[in-house]
Structures are given as structure tokens and as C-alpha cells.
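# Results of the structural survey
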Amino acid sequence: YGDHAGSAKPLREGKGTNFEGGFRVPFIVRWPGHVRASTVCDEMISLVDMYATIAALIDRSVPADEDVAEDSFNVLPSFLGEATQELIRSSIILHSPNGNFAIRQGPWKYIEGKPSPTLKKSSRKDELVAQLYNLQDDPGEQNNLLDERPDVANRLASLLEKQRNSGRSR
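Keep in mind the model is a prediction, meaning the values are calculated, not measured.

Let us now look at the environment of Glu-43. Among the structural elements, Glu-43 can be located in the loop between α1 (20-23) and α2 (49-57). By relative accessible area, Glu-43 is classed as buried at 15%. It is 7.0 Å that separates the C-alpha atoms of Glu-43 and Ser-78, two residues lying 35 residues apart in sequence. The residues touching Glu-43, leaving out its near neighbours within four places in the chain, are Ser-78, Leu-87, Ile-88 and Arg-89. A polar atom in the side chain of Glu-43 sits 2.9 Å from the backbone nitrogen of Ile-88.

Turning our attention to the environment of Ile-111. In this fold, Ile-111 is placed in strand β3 (residues 108-111). Separated by 21 residues in the primary sequence, Ile-111 and Leu-132 have C-alpha atoms spaced 6.3 Å apart.

Our next topic: the sheet that holds β3. Spatial strand order, β1-β2-β3-β4: 4 strands in an open sheet with antiparallel pairing. Each edge of the open sheet carries a strand with a single partner, namely β1 (91-95) and β4 (131-134). Here the average twist between neighbouring strands, direction ignored, is 15 degrees. Summarising the sheet, β3 and β4 pair through 4 bridges and their orientation is antiparallel. Counted as the bridge partner of Trp-108 is Asn-134 from β4. Seen against the sheet, helix α4 (residues 150-166) touches β1, β2 (101-105), β3 and β4 and runs at an angle of roughly 115 degrees to β2.

Counted under the stated rule, the structure contains 8 salt bridges. Arg-149 serves as the salt-bridge partner of Asp-151, at 3.2 Å between the closest nitrogen and oxygen. Since its relative accessible area comes to 47%, Asp-151 is described here as partly exposed. Look at Arg-149 and you get partly exposed, because its relative accessible area is 33%. Here the salt bridges do not stand alone but share partners, grouping Glu-20, Arg-24, Arg-104, Lys-109 and Glu-141 into one network.

The rules behind these values
Residues numbered from 1 in each chain as written. Predicted model: local features only at pLDDT ≥ 70, side-chain atom pairs only at ≥ 80, totals over all residues. Heavy atoms only, no water. Helix = DSSP H or I, 4+ residues; strand = E, 2+ residues; numbered from the N terminus. Buried < 20%, exposed > 50% of the residue type's maximum accessible area, 1.4 Å probe, protein only. Contact = heavy atoms within 4.5 Å. Polar contact = N/O pair within 3.5 Å; in protein donor to acceptor, adjacent residues only side chain to side chain. Pairing = 2+ DSSP bridges. Axes fitted to C-alpha atoms, helices over the stretch in contact; angles between N-to-C directions. Salt bridge = Lys/Arg side-chain N within 4 Å of Asp/Glu carboxyl O.

Structural measurements only, silent on function.
In C-alpha cells, the structure reads:
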């Protein structure tokens, strides 16, 4: 699974990549009297979500029309075990050190496979090809489904481009 320090098995690779071993980590919350011990939540959460979540805790809003925390979602309902009508965060953009973008939505992850135009040298050639994985069926990212599911790849590529062009995901 690569030459990264430690092991994320059965996930692929580790930090410094767009593969799950570099991004999928537990998000642990301890808040006695509010968050029940041993609660497990499958909500997709990012560290950037702490801005909007803390703002909600102190009863402050995050301005939707300003360039403040443009990718931060309030995940407090997930921490508190509250049911929501839909996912709080429907997608998340990932970015590797070589400038390669990826997007996750539901069980799918699309890796764009393009390095940054300013990148002088890439040591991660395996990441620099377009890839599509169903993480529910293949959490180890072993079966690239790009050719079998071009509809999903095109939808995710369009969503990634839309969010990149707008400068925000919320």
C-alpha cells in the first residue's frame, strides 16, 4: 500500500495522497452531557467544519455571501445525534500535495488525475490518472470503475469544477 509511514490497511496509501488512507480518519468528540459515549456517526466531516459548528455553538451565523469559512458546514446535529432530513455535507473536495483534486460524494470518489500546472516534479504518478471508486464496495480503492461508470465520473467531475469555479462548496 505504498511507502508511507505507518499503515492504514485495509485502506489504500496514507498521508500525502488522495487515497482513503490519507483522509479517512476517526473524528472523535467528547462532550459529557451532550454527546453520548460510544456513539458512532457515518456523516462525512472535515476539520474545516469546526468553524461553522463552533459558530452554531455560540449562536453566531456564518455569512453565506462572504468569503468566510466557505467550505465549513455545521455538523453539530451529528455530534448531538439529531436526525436530519438529508446529509449535512453532501460532498467534500480533497487535494493532494501534487495539486491533484478529488471529490467524494456518497459512496463515490472521483480523482481528477491532473497535477498542478506549477508542479515541477511529481513522485506520485499512480495518482495522476483519472480514477473512480465505490468506497462502499471497495474501501481499499483497488477497482477503478472509471470505464464502467462514466456517468458517475462525469457528474462528479462537473460538481468538482462547479465548486472550484465558485470558490466554495456551501
